[in-house]
Amino acid sequence: MSNPSTPVTMNHGPTGRKGRRLGYKRRMLIGTWNLRSGIENQENYEMARQTLHERQLDLLCIPEAAKSEKGNERGPNGEALYWVGPTSTERRQNAGVALMCSPYATRCIISHSYASDRILVVSFALLNNLTLDVIAFYAPHSSRPASVRKTFRDQLSSVRKSISRHHFVLELGDANALVGSASPTTPDFHGALGTQGKGNQNAAGKAFLDDCAAAGMCIANTFFPHKDIHKYSYRGVNTTVIPGADPENVLYNNDFILVRRSFLSSVHDVKVYRGVNGISNFTRSDHHLVVAKLKLKLRAPRSQAPKRDHSLLASDPVVRTRYQELVRSKIAHMVSIPDEDISGTTYQQLSDVLLAVANDILPICESRLLQQPPPSPLLLELVANKKRVLETPSSPQRRVALQALSKATKKEAACCRAIERQQTGADIEDAAKHHDQGKAYRLLDVLAPKGGSNWRRTCSSSVALKDDDGGLLTSTGDQLTR
């Protein structure tokens, strides 16, 4: 380990295309592992570092780190360690939390902060100017006073509220709570709890789930089916009477990986790994390693610049002549440049000239939003009813009502889309009769924005195209030609 007094110097890298971005075209592996005596022990620290590299983890959360105060340091192989804990005069056992980052993830770090002696926040750069906020936490044990647990939950809720809703948020750590599993007789806490959890649910678990539901978080462990041995992450002593259970060997699941519901589709799997690095039977810890596999599903950034009507260059001679004159006048000084001296910079200058002239000459295309008809009154009523049902408490009746409303909403939306496509097809026919190619192409783009294959599927399934004499075209080739 390096000197704790030496802070980590972060290299955020360039902001361009080749800048470091966590999760860029690669899968992320995120883990949490509660080591029994913390990482102040040199053997435990080496074990955590070895697990980070052998398991190829990007991030490893270590609850119950047993380190005092707060700080960060760099490991021998380039990994970074952030930790927070109580002051040196207080008891460090059963307290503190740490986050170990791989060398690649270390170069993507934007900032870090310490919310309390049990909560640590580290921010990473993602693709498309997005940010990944990782919250590492270690909740007080259920045997601690209720006021201590309530203070921790309030601090965690405050951290959640301070993060932008557009950020990708992960929460890793030991909640010291039993959440159980959702079922027809057990509420799902507004989607915070899945149906693949194990065990019972206690008071601490219900309070934790209520906070998750209010913050829009969900426990990813409970959404993926696995064998029971790959769901339980902790072996504890049976302090309460559980029929049929060994009082000295009871399995629990309280090491969780949480994610925002809007990004749950980016989580591919969450699994408990037993016998990490050949160490089994809890010789290093009474907890097992929990690993989540993520691959970000990000929407491509949309250009904010308005689109120009380039079809006028082909249909309007006056606009075409003016466009050519302006382009010639702006690039006249570039004509004398020899071919061997033309570089990428010159081509970029030429592209900028063409774009500037187009913005000065060509008008802005009509907005697509103006071409879309308003939704039907029935669809608006169904959406309003669904919102009202979502505000009601979780119950089996609420779930049945939501399923019925969702089915009716999808059916009505499909009818509205079919009517819209038929109207768009009629508008294309009208534009073709009036030889308005620009409008026809714009409508075609609205009808099938992804190109030929989507257009073939759309026009052959729901749009009626006719020939010049008014006859219906049924052949796919004739429809594409039309």
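Residues numbered from 1 in each chain as written. Predicted model: local features only at pLDDT ≥ 70, side-chain atom pairs only at ≥ 80, totals over all residues. Heavy atoms only, no water.

(A) Region of the structure containing the overall build of the protein chain. A tally of regular secondary structure across the protein chain gives 13 helices and 15 strands. Buried positions account for 42% of the 482 residues belonging to the protein chain. Here the analysis covers contacts within the protein chain between residues at least 6 apart in sequence; of these, 66% occur between residues at least 24 apart. Within the structure as shown, the protein chain displays about 26,500 Å² of accessible surface, and the carbon and sulfur contribution to it stands at 52%. (Helix = DSSP H or I, 4+ residues; strand = E, 2+ residues; numbered from the N terminus. Buried < 20%, exposed > 50% of the residue type's maximum accessible area, 1.4 Å probe, protein only. Contact = heavy atoms within 4.5 Å. Areas by Shrake-Rupley, 256 points an atom, 1.4 Å probe, with all protein chains shown as cover.)

(B) Quick look at the environment of Y104. Checked against the element boundaries, Y104 lands in helix α2 (residues 103–106). Y104 sits 24 residues away from A80 along the chain, and the two C-alpha atoms are 9.9 Å apart.

(C) Spatial organisation of the sheet that holds strand β10 (residues 217–219). Spatially, β6-β7-β8-β9-β13-β10 is the arrangement adopted by the six strands of the open sheet, whose pairing is mixed. Where the open sheet ends on each side, the last strands, each with one partner, are β6 (109–116) and β10. The mean inter-strand angle of the sheet, taken between neighbouring strand axes irrespective of direction, is 20°. Where β6 meets strand β7 (residues 119–125), six bridges bridge the pair, whose relative direction is antiparallel. Residue pairing in the sheet places S111 in a bridge with S123 of β7. Docked against the sheet, helix α3 (residues 146–162) engages β6, β7, β8 (131–138), β9 (168–174), β10 and β13 (255–260), running at close to 20° with respect to β7. Sitting on the sheet, helix α4 (residues 203–215) is in contact with β8, β10 and β13, with an inclination near 135° to β10. (Pairing = 2+ DSSP bridges. Axes fitted to C-alpha atoms, helices over the stretch in contact; angles between N-to-C directions.)

(D) Examining the nonpolar core more closely. One finds L22, L99, F124, L132 and F168 to be the most contacted residues of the largest nonpolar core, which totals 39 residues. At four residues, β8 tops the list of elements feeding residues into this core. Sequence-distant contacts of F124, that is, excluding residues within four places in its chain, are made with L22, L59, C101, A105, C108, I109, I110, L130, T131, L132 and V134. Within the second largest apolar cluster, 25 residues are counted, among which are F137, A139, A175 and V179. (Core = buried A, V, L, I, M, F, W, Y, C linked by side-chain atoms within 4.5 Å.)

(E) View of unusual backbone geometry. With a phi close to 55°, Q56 is a non-glycine residue in the positive phi region. On the secondary structure map, Q56 appears in the loop between α1 (42–54) and β2 (59–63). Given a relative accessible area of 61%, Q56 falls into the exposed group. Phi is positive for E64, close to 55°, though the residue is something other than glycine. Positionally, E64 belongs in the loop between β2 and β3 (70–74).

(F) Layout of the pairing of β3. For β3 and strand β4 (residues 80–84), the ladder comprises five bridges, and the chain directions are antiparallel. Within the sheet, the bridge partner assigned to G71 lies in β4 and is W83. Linking two consecutive strands that pair antiparallel, namely β3 and β4, is a turn of five residues; a positive phi of about 100° is found at G78 within it.

(G) Summary view of the packing of α3 against α4. At a closest axis distance of 11 Å, the pairing of α3 and α4 adopts a crossing angle of 15°. It follows that α3 is roughly parallel to α4 by the angle criterion. Crossing of α3 against α4: the hand is right-handed. Taken together, the residues of α4 that come into contact with α3 (itself represented by R153, L156, S157 and R160) are A207, F208, D211, C212 and A215. Residues belonging to the contact of α3 with α4 are distributed by class as follows: five nonpolar, one polar and three charged. (Parallel < 35°, antiparallel > 145°, perpendicular 65-115°, else oblique. Left-handed = near helix turned anticlockwise from the far one by under 90°. Nonpolar A, V, L, I, M, F, W, Y, C, P; charged D, E, K, R; others polar.)

(H) Fine view of α3. Its 17 residues give α3 an end-to-end C-alpha distance of 25 Å, which sits within 8% of 24 Å, the value for a rise of 1.5 Å per residue. When α3 is considered as a whole, its buried residues turn out to be F152, L156, S157, V159 and R160. Looking straight down α3, one finds its buried side chains confined to an arc of 160°; they lie on one side. With respect to the buried face of α3, the exposed residues turned more than 90 degrees away are K161 and S162. (Expected span 1.5 Å × (residues − 1). Arc of directions from axis to C-beta.)

(I) Geometry of the sheet that holds β2. Spatial strand order, β3-β4-β5-β2-β1-β15-β14: seven strands in an open sheet with mixed pairing. Two strands close off the open sheet at either side, each with one partner strand: β3 and β14 (267–273). Strand-to-strand twist across the sheet, computed as the mean angle between neighbouring axes with direction ignored, equals 15°. Judged from the five bridges that link them, β2 and strand β5 (residues 97–101) form a sheet pairing that is antiparallel. Note that in β5 the partner of L59 across the bridge is C101. Running over the sheet, α1 touches β2, β3, β4, β5 and β15 (289–294) and is turned about 40° from β5.

(J) Quick peek at the pattern of salt bridges. According to the stated counting rule, one finds seven salt bridges in the structure shown. Residues K150 and D154 are paired through a salt bridge, measuring 3.0 Å at the closest nitrogen-oxygen approach. In this pair, K150 and D154 both sit in helix α3, four residues apart, roughly one turn of the helix. Under the relative-accessibility criterion, D154 is labelled partly exposed at 40%. Salt-bridge contacts for E171 lead to R160; the nearest nitrogen and oxygen are separated by 2.7 Å. (Salt bridge = Lys/Arg side-chain N within 4 Å of Asp/Glu carboxyl O.)

(K) Structural detail: the side chain of T222. In this fold, T222 is placed in the loop between β10 and β11 (234–236). Judged by its relative accessible area of 0%, T222 is buried. One polar contact links the side chain of T222 to the main-chain carbonyl oxygen of I219, over a distance of 2.8 Å. Non-local contacts of T222, meaning those with residues more than four positions away in its chain, are made with V179, G180, L193, G194, T195, Q196 and G197. (Polar contact = N/O pair within 3.5 Å; in protein donor to acceptor, adjacent residues only side chain to side chain.)

(L) Highlighting the packing of helix α9 (residues 377–390) against helix α10 (residues 396–433). Two elements in contact, α9 and α10, have axes whose closest approach is 9 Å; the angle formed by their N-to-C orientations is 160°. By the criterion of interaxial angle, the relationship of α9 to α10 is roughly antiparallel. Crossing of α9 over α10 shows left-handed handedness. Here L378, L379, L382, V383, N385, K386, V389 and L390 of α9 come into contact with α10, specifically with R398, A401, L402, L405, S406, A408, T409, E412, A413 and C416.

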